[in-house]
Amino acid sequence: MKSSDFNRISPYIYEIPKEFRPDMRVPARFYADRQLMEAALGDKCLDQLVNTATLPGVVKYALAMPDIHQGYGFPIGGVVATALPDGVISPGGVGYDINCGVRLLATHLHHEEAAPWLGDLASAIQVNCPSGVGRGGSIKLSQKELDKLVEEGGQWALKKGYATEMDLARTEENGRLEGADASKVSERAKKRGRDQIGTLGAGNHFIEIDIVDEIFDETAASRMGLFPGQIVIQIHCGSRGFGHQICTDYVRRFQQVIHKYGITLPDRELVCAPLSSPEGQDYLAAMKAAANFAFVNRQVLTHHIRRSFEQVLAGKVKNHHVYQVYDIAHNMAKIEEHEIDGRKMRLCVHRKGATRAFGPGSDVLPPEYRDIGQPVLVPGSMGTASWVLVGTEGSMAQSFGSTCHGAGRTMSRRRAKKTVHGSELRQQLESEGIHVRAGSMAGLAEEAPIAYKDVDRVIEVVHGAGIARKVARLVPVGVIKG
Amino acid sequence: MAKFEVLDHTADWALRVNGRNLAELLEQAALGMSSLLVPDLTAVSPTTTRHIHLDAFDAETLLVDWLTELAYLAETEQLVFNQFQLTNVTPTHLDATIRGGRVPELQKHIKAVTYHDLQIIHTDNGLEATIVFDV
C-alpha cells in the first residue's frame with residue numbers, strides 16, 4: 001500500500017476506493033492526520049483493512065480508527081458492520097481477548113491529599129489484583145458456578161457482593177449481554193477460566209492510578225464527577241484464557257464450514273459465517289459468555305481496588321470511597337440498529353480495538369449520561385496521558401457509533417525490548433513521579449511509550465473529525481502490570 | 001540447527017519456520033514457540049513426558065492445533081517442552097511424545113495461535129510457514 005492508493009476526502013479521513021482491489025465489496029476508510037497516515041503505511045494494517053472490506057454483507061465502508069496498527073486478520077482499530085440476517089460474524093474479527101475493555105473509577109480525593117499514600121496504594125493493588133501469565137485469583141469456581149457467572153454477568157457479581165447497582169448501570173450493556181449460553185463454550189475454555197476471575201493477566205493489561213490533568217468539557221466532566229487534580233483509576237483487561245479459548249475454538253470450527261456458505265477470503269483468520277447460520281448463532285452465544293466473563297473480571301478487580309483503598313486509606317483521609325464512571329468494551333461484536341443512507345438497519349458491528357461511542361439521546365445510556373453522550377475511555381501508553389471522551393452525533397452518523405481505543409503501537413515488541421531496558425524504563429517513570437509495580441521487566445520494556453503513537457494526536461483526530469469529543473485528560477501517578 | 005526465526009510484528013509475535021518435511025516443520029514450530037516462553041529453552045530439564053494425538057482437516061489446522069496444545073499446557077500447568085518426538089505424521093494427523101518440565105515463570109503469555117496469512121508452502125528445501133501469535 002502507498003499513499004497514492006487512497007484519497008484524502010476530509011482533513012481527517014482517507015478513503016481507499018472500492019476499485020483498489022477486485023474483491024472489495026465496499027470502500028475502506030481510515031481516520032488520520034498526515035503523520036498518523038504515514039505511520040499507518042509502516043506496517044500491513046491498511047492491507048488488513050482492505051481485507052475486511054471483502055467480508056460478505058459488509059455495509060457502507062470498512063473503517064479504521066487513527067490508532068490503527070497491524071493485528072491478525074482485522075487491523076487493530078478496525079470497525080466493520082455487516083447487515084443482518086445474512087451478513088457474517090467473524091470470531092477473528094472480534095479477536096482472542098473478547099471484551100477486552102477499560103473501566104474508569106473515580107474517588108473524592110485530590111492528588112495532594114492522596115500523595116503520601118500513592119506508593120502504598122500501588123503496592124496494595126498489586127498484591128490484591130493477581131497479574132502475570134496464568135496466575136489464578138482468589139476465587140475458585142465450580143463449573144456450575146462458572147456457567148451461572150457467564151450467563152448472568154454483572155448480575156452474578158451483584159448477588160455475590162462484588163458490585164453495586166450503580167456499577168452495573170454505568171457499564172456497557174449493564175455488564176450483561178443477554179443470550180450468553182454456557183453450553184456453547186468448550187470444557188477447555190471453562191478450565192482455563194475457572195480460577196482467572198479477578199486477575200489482570202499480562203501483555204498490555206494494567207491498572208493505573210491517574211490524576212485528572214485538564215478538563216475540556218465542564219458539563220460532561222461534572223456529570224461524571226470529574227474535577228481537576230482528582231485521583232481516578234483505570235482498569236484495562238479482558239476475558240483472560242476463557243475468551244482466548246472460545247475464539248480459538250470457533251476460528252477452528254468456522255474453518256471447517258466456510259465452504260458450505262460459499263465464502264472465500266483473502267486471509268484465513270477472517271474466517272466467518274452468516275449470523276443466521278447455526279455456527280454464527282453458536283459463536284454469538286459463546287462470545288456473549290466471554291463478554292460477561294470480562295465484565296465480571298473487571299468488576300471483581302474493582303472490588304479488589306476498593307479493598308486496597310480501604311486497607312491503605314481508612315482513617316487517614318476523609319473519604320476513600322471509589323465509584324464507577326463507566327466501563328467499555330473495545331473487542332466485541334454487537335447487534336445494533338444504525339441509520340444507513342436514511343434507512344434503519346440491524347447490523348452486526350465488529351469493533352476490534354475500537355470503542356462504542358454512542359451519541360447523546362441513546363436510550364442504552366444511564367439517565368445521567370443520556371444528554372452528554374456515552375463516556376469513552378481511551379488509555380494512552382504506559383507513563384503517558386489517557387483520555388475521557390464522549391460519543392457524538394458525528395460518531396453515530398459516520399462510524400457506526402464508534403471511535404478509537406488507545407494510542408496504537410508503532411514499534412514491534414521485539415524492537416521495543418531491544419531499544420529499551422525494563423529496569424531503566426522503570427527508573428525513568430519513577431523519576432517522573434510514577435509508582436511502578438511490574439511483575440516482568442521484559443514485559444515492561446515491550447510496553448514502553450516509545451513503542452506507541454502519541455495518544456494526544458490520536459485524540460485530536462477523533463475530536464477534529466467529530467467522532468468523539470474531549471472531556472478530560474488524565475496523567476498517571478501509579479502503574480500496576482503483570 | 002534452529003530452523004525458526006522470530007519476525008517483527010507491530011502488536012504480536014511472529015515466527016518463520018522451515019522443515020524438510022511436515023514432521024520437522026511441526027517440531028521446529030514447537031521449538032520456536034517454546035523458545036519464546038522462557039529465556040533459555042535448553043535449561044528446562046525434561047522431567048515430564050506427555051503424549052499428544054491430534055486429528056485435523058488440513059495441515060495448517062494441524063499446525064495450529066499442535067501449537068495451541070503446547071500453549072495450553074504452558075498456561076494451565078506452567079509446562080514448557082524442549083524434546084518432541086513425532087510419529088505417524090500426515091497432513092491430518094500426528095502422534096507425539098513430548099518431554100519438558102515445569103518452569104517457575106513464563107516470560108511470555110501466548111493467548112492464541114492464529115491463522116493470520118497462514119499457509120504451509122513448498123520451498124527448495126522442504127516446507128515453510130509463518131505463524132503469528134496473539135500475545
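Source: prediction; values computed, not measured.

Visitor: Would you explain the overall build of chain A in this entry?
Guide: The helix and strand inventory of chain A stands at 17 helices and 19 strands. Relative to the compact-globule value of 23 Å for 482 residues, chain A shows a C-alpha radius of gyration of 21 Å, a close match. Counting across all 482 residues of chain A, residues that qualify as buried make up 62%. The long-range fraction of contacts in chain A, counting pairs at least 24 apart against all pairs at least 6 apart in sequence, stands at 78%.

Visitor: Explain the overall build of chain B here, please?
Guide: Scanning chain B for helices and strands turns up two helices and eight strands. The secondary structure elements of chain B, listed N-terminal to C-terminal, are β-β-α-β-α-β-β-β-β-β. For chain B, whose C-alpha radius of gyration is 14 Å, the value lies close to the compact-globule estimate of 14 Å for 135 residues. Dimensions along the principal axes, computed over C-alpha positions, put chain B at roughly 40 × 35 × 25 Å. Burial analysis of chain B (135 residues in total) assigns 47% to the buried set. Here the analysis covers contacts within chain B between residues at least 6 apart in sequence; of these, 65% occur between residues at least 24 apart.

Visitor: Help me understand the sheet that holds strand β4 (residues 79-90) of chain B in this model?
Guide: Hydrogen bonding along the main chain pairs the strands of a sheet, whether they run parallel or antiparallel. Residue and element names in this part refer to chain B. The sheet built from three strands is open, its strands ordered β3-β5-β4 with antiparallel pairing. Sheet topology places β3 (48-55) and β4 at the edges, where each strand pairs with a single neighbour. This sheet shows a mean twist of 20° between the axes of neighbouring strands, independent of strand direction. Across eight bridges, the pairing between β3 and strand β5 (residues 93-102) is antiparallel. Bridging across to β5, R50 finds its partner in I98. The strands touched by helix α2 (residues 59-77) within the sheet are β3, β4 and β5, with β4 carrying the most contacts at an inclination of about 155°.

Visitor: How do you make sense of the nonpolar core when you look at a structure like this?
Guide: Note on soluble globular proteins: their nonpolar side chains tend to be buried together. Core analysis: the biggest nonpolar cluster contains 208 residues, and Y31, I246, M287 and A290 of chain A together with A29 and L67 of chain B have the highest contact counts within it. It is helix α12 (residues 278-313) of chain A that contributes the most residues to this core, 17 residues altogether.

Visitor: Explain unusual backbone geometry here, please?
Guide: For residues other than glycine, phi is negative in most cases, and the peptide bonds are mostly trans. In the segment running from L84 of chain A into P85 of chain A, the intervening peptide bond is cis, with an omega of 5°. When you line up the elements, P85 of chain A lands in the loop between β5 (76-83) and β6 (88-89). With a phi close to 55°, N174 of chain A is a non-glycine residue in the positive phi region. By secondary structure assignment, the location of N174 of chain A is in the loop between α8 (165-169) and α9 (187-193). A positive phi angle, close to 50°, is found at D117 of chain B, a residue other than glycine. Looking at where D117 of chain B falls in the secondary structure, it is placed in the loop between β6 (112-113) and β7 (121-123).

Visitor: Would you take a moment to explain the interface of chain B and chain A for this structure?
Guide: Accessible area lost during the coming together of the parts is what is often quoted as the interface size. At the interface, 27 residues of chain B touch 36 residues of chain A. Sorting the residues of the side of chain B that touches chain A by element identifies α2 and β8 (126-134) of chain B as the ones contributing at least two each. Element by element, the count of residues in the side of chain B that touches chain A is highest for α2 of chain B, at five residues. In terms of residue class, the side of chain B that touches chain A is made up of 11 nonpolar, 10 polar and six charged.

Visitor: Please clarify how the environment of E446 of chain A should be interpreted in this entry.
Guide: Residue and element names in this part refer to chain A. Tracing the chain through its elements places E446 in helix α16 (residues 441-446). Measuring from C-alpha to C-alpha, the distance between E446 and M411 comes to 9.2 Å, with 35 residues separating the pair along the chain. Leaving out residues up to four positions away in the same chain, E446 has contacts with R413, A416 and K417.

Visitor: Explain the sheet that holds strand β13 (residues 343-352) of chain A to me, please; I cannot follow it from the model alone.
Guide: All names here are of chain A. Sheet architecture is open: seven strands sit in the order β1-β2-β3-β4-β5-β13-β12, paired in mixed fashion. Every other strand in the sheet has two partners, leaving β1 (7-10) and β12 (331-340) as the edge strands with one partner each. Averaged over all adjacent pairs, the angle separating strand axes in this sheet is 30°, with direction ignored. Of the strands in this sheet, β2 (13-16), β3 (28-31), β4 (62-69) and β5 touch helix α2 (residues 45-52), which is tilted by about 160° from β4.

Visitor: Just checking my understanding: could you explain the packing of helix α1 (residues 22-37) of chain B against α2 of chain B for this structure?
Guide: To characterise two packed helices, one gives the angle between the axes of the helices and the distance between these axes. All names here are of chain B. One way to put it is that α1 packs onto α2 with a least axis distance of 10 Å and a crossing angle of 30°. Like other packed secondary-structure pairs, α1 and α2 cross with a definite hand, here right-handed. Residues L22, L26, A29, A30, M33, S34 and L37 of α1 form the contact with α2, whose own contacting residues are A59, L63, W66, L67, L70 and A74.

Visitor: For this particular structure, what's the right way to read the environment of I258 of chain A?
Guide: Residue and element names in this part refer to chain A. The residue I258 is located in the loop between α11 (240-257) and β10 (273-274) in this model. A count of 18 C-beta atoms within 10 Å places I258 in the partly exposed class. For the pair I258 and C272, spaced 14 residues apart in the sequence, the C-alpha separation amounts to 6.8 Å.

Visitor: I keep staring at α2 of chain B and nothing clicks. Help me out?
Guide: Helical geometry note: an α-helix holds 3.6 residues per turn, so side chains three or four residues apart project in the same direction. Residue and element names in this part refer to chain B. Here α2 contains 19 residues, and its C-alpha end-to-end distance of 27 Å stays within 8% of the 27 Å for a straight helix at 1.5 Å per residue. Among all positions of α2, only T61, L62, L63, V64, W66, L67, T68, L70, A71, A74 and E75 are buried. Remark: Q78 follows α2 within two positions and exhibits a positive phi of approximately 55°.

Scoring rules and cut-offs
Residues numbered from 1 in each chain as written. Chains lettered and ligands numbered in written order. Predicted model: local features only at pLDDT ≥ 70, side-chain atom pairs only at ≥ 80, totals over all residues. Helix = DSSP H or I, 4+ residues; strand = E, 2+ residues; numbered from the N terminus. Rg over C-alpha atoms; globule rule 2.2 N^0.38 Å. Buried ≥ 20, exposed ≤ 12 C-beta atoms within 10 Å, placed from the backbone. Contact = placed C-beta atoms within 7 Å. Pairing = 2+ DSSP bridges. Axes fitted to C-alpha atoms, helices over the stretch in contact; angles between N-to-C directions. Core = buried A, V, L, I, M, F, W, Y, C linked by C-beta atoms within 7 Å. Nonpolar A, V, L, I, M, F, W, Y, C, P; charged D, E, K, R; others polar. Left-handed = near helix turned anticlockwise from the far one by under 90°. Expected span 1.5 Å × (residues − 1).

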